[in-house]
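The chain contents come next:
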Amino acid sequence: MKIIMLGAPGAGKGTQAKMIAEKYSIPHISTGDIFRANIKGGTELGMEAKKYMDQGQLVPDELTVKILLDRVAKDDCKNGYVLDGFPRTIPQAEVLDKALSELGDAVDYAIDVDVPDENIINRMGGRRACVTCGATYHMVHVPPKQEGICDKCGSELILRDDDKPETVKKRLDVYHAQTQPLIEYYTKKGILKSVDGTVDMMDVFAKITDILG
Ligand SMILES: [Zn+2]
C-alpha cells in the first residue's frame, strides 16, 4: 500500500500519516527526515543534497526522488509506505511517477485531507507557545490551566509568528499555487481520495481506514 498525503499546511495530514503508518505497519516517510538521516549518515546522496542546502539552494527534484527511492527500497517498505511532504509540485509528482514506473511500481492512493482556509487560520490562531520551555497549547483544544500561563513552567504564552493569520495565509497561498494542482493530477490518475479534515481527528482517521480497508 503506497500512499501519498495531500492537504494544506495545518490540515493535519502529518498526524493522519502517523496513524496510518501505525495501523498498517508501514513506515511514515517525510522528506525532511530522510534528508537529515542521509546527511547525518554521510551517504553520497546526503552529501550531494548538502551541497545545495549549504548554498541556500533547493535540492533538485531528481535528487530528492533518488533519496526517496533509496529509502523505499529498504526492507521495511516492502508492504508499502506513507509519503508525507512529497510531492509538493506537479514536476515532483511527474519525476516520482516516472521513477516508480521504471521499477514497475506506482502510488496506490493520494489522500487529500481537505480543510477550508478559514478553518486552518482559526486553528493556528488558537495556538499558544511558552516563551521559556516551548510547550504548546491550544486555546480551545488544549487550554492551559490558567489563561496565558504555561502549566509546566509558569512562563508567558504567546502566539508565535508562524501561527499568526497573515503568516498562515501566505503559506496557504503557496499551497494553493504549487500543491493544490496535484489534486487534479491524482484525480486524473484515478487514485485521489478526499476526506473531510474539519471533523475530529479520529473521525478523519475512520474515513481514511474505510478507504484503505
Ligand atoms: Zn513553559
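Remember, it's a predicted structure, so these values are computed and weren't measured experimentally.

How each quantity is defined
Residues numbered from 1 in each chain as written. Predicted model: local features only at pLDDT ≥ 70, side-chain atom pairs only at ≥ 80, totals over all residues. Heavy atoms only, no water. 1 Å grid on protein atoms, 1.4 Å probe; cavity = no way out; pocket = protein on both sides within 12 Å on 5 of 7 lines; lining within 4 Å. Points joined across faces, edges and corners; volume = space filled by probe spheres on them. Helix = DSSP H or I, 4+ residues; strand = E, 2+ residues; numbered from the N terminus. Nonpolar A, V, L, I, M, F, W, Y, C, P; charged D, E, K, R; others polar. Donors = N, O, S within 2.8 Å, 3.2 Å for Na, K, Ca; no water. Buried < 20%, exposed > 50% of the residue type's maximum accessible area, 1.4 Å probe, protein only. Salt bridge = Lys/Arg side-chain N within 4 Å of Asp/Glu carboxyl O. Axes fitted to C-alpha atoms, helices over the stretch in contact; angles between N-to-C directions. Parallel < 35°, antiparallel > 145°, perpendicular 65-115°, else oblique. Contact = heavy atoms within 4.5 Å. Left-handed = near helix turned anticlockwise from the far one by under 90°. Polar contact = N/O pair within 3.5 Å; in protein donor to acceptor, adjacent residues only side chain to side chain.

### Description of empty space enclosed by the protein
Reasoning step 1: With the rule as written, the count across this model stands at one cavity of 30 Å³ or more.
Reasoning step 2: Taken together, L68, L69, V72, Y81, L83, L96, L100 and V107 form the lining of the largest cavity.
Reasoning step 3: Elements that contribute at least two residues to the lining of the largest cavity include exactly helix 4 (61-72), strand 3 (81-84) and helix 5 (90-102).
Reasoning step 4: Within the lining of the largest cavity, the residues separate by chemical class into eight nonpolar, no polar and no charged.

### As for the coordination of the zinc ion
Reasoning step 1: The zinc ion binds to the protein through C130 (SG), C133 (SG), C150 (SG) and C153 (SG), with metal-donor distances spanning 2.3 Å.
Reasoning step 2: Sequence spacing of the donors to the zinc ion: C-x2-C-x16-C-x2-C. Taken together, the positions of C130 in strand 5 (residues 127-130) and C150 in the loop between strand 6 (136-138) and strand 7 (157-158) put the pair 20 residues apart, joining distant regions of the chain. Each member of the pair C130 and C150 is classed as buried.

### With respect to the pattern of salt bridges
Reasoning step 1: Inspection of every chain in the model, using the stated rule, returns twelve salt bridges.
Reasoning step 2: Here E102 makes a salt bridge to K98, at a shortest N to O gap of 3.5 Å. Within this pair, E102 and its partner K98 are both found in helix 5, separated by four residues, close to a single helical turn. Comparing E102 with K98 shows no difference in burial state: the two are exposed.
Reasoning step 3: The partner of D163 in a salt bridge is R127, and the shortest N-O contact between them spans 3.5 Å. Here D163, found in the loop between strand 7 and helix 7 (165-179), pairs with R127, found in strand 5; they are 36 residues apart in sequence, far enough to count as distant.
Reasoning step 4: With a relative accessible area of 33%, R127 lands in the partly exposed category.

### A short note on the packing of helix 2 (residues 31-40) against helix 4
Reasoning step 1: Remark: helix 2 packs on helix 4, axes separated minimally by 10 Å, with the N-to-C direction vectors making an angle of 85°. On the basis of the axis angle, helix 2 is roughly perpendicular to helix 4. Across the interface between the two elements, T31, I34, F35 and N38 from helix 2 touch T64, I67, L68, D70 and R71 from helix 4.
Reasoning step 2: Taken together, the residues of the contact of helix 2 with helix 4 sort by class into four nonpolar, three polar and two charged.

### Overview of the packing of helix 4 against helix 5
Reasoning step 1: It is the contact of helix 4 with helix 5, at a shortest axis distance of 10 Å, that shows an interaxial angle of 45°. By the angle between their directions, the pair helix 4 and helix 5 is classed as oblique. Crossing of helix 4 against helix 5: the hand is right-handed. Between helix 4 and helix 5, the residues in contact are D61, E62, V65, L68 and L69 and P91, Q92, V95, L96, A99 and L100, respectively.
Reasoning step 2: Residue classes in the contact of helix 4 with helix 5 are distributed as eight nonpolar, one polar and two charged.

### Points about the side chain of K2
Reasoning step 1: Note that K2 resides in strand 1 (residues 2-7).
Reasoning step 2: Judged by its relative accessible area of 18%, K2 is buried.
Reasoning step 3: There is a polar contact of 2.9 Å between the side chain of K2 and the side chain of D105.
Reasoning step 4: Ignoring sequence-local partners within four residues, the contact set of K2 consists of G80, Y81, D105, A106, V107, D108 and Y109.

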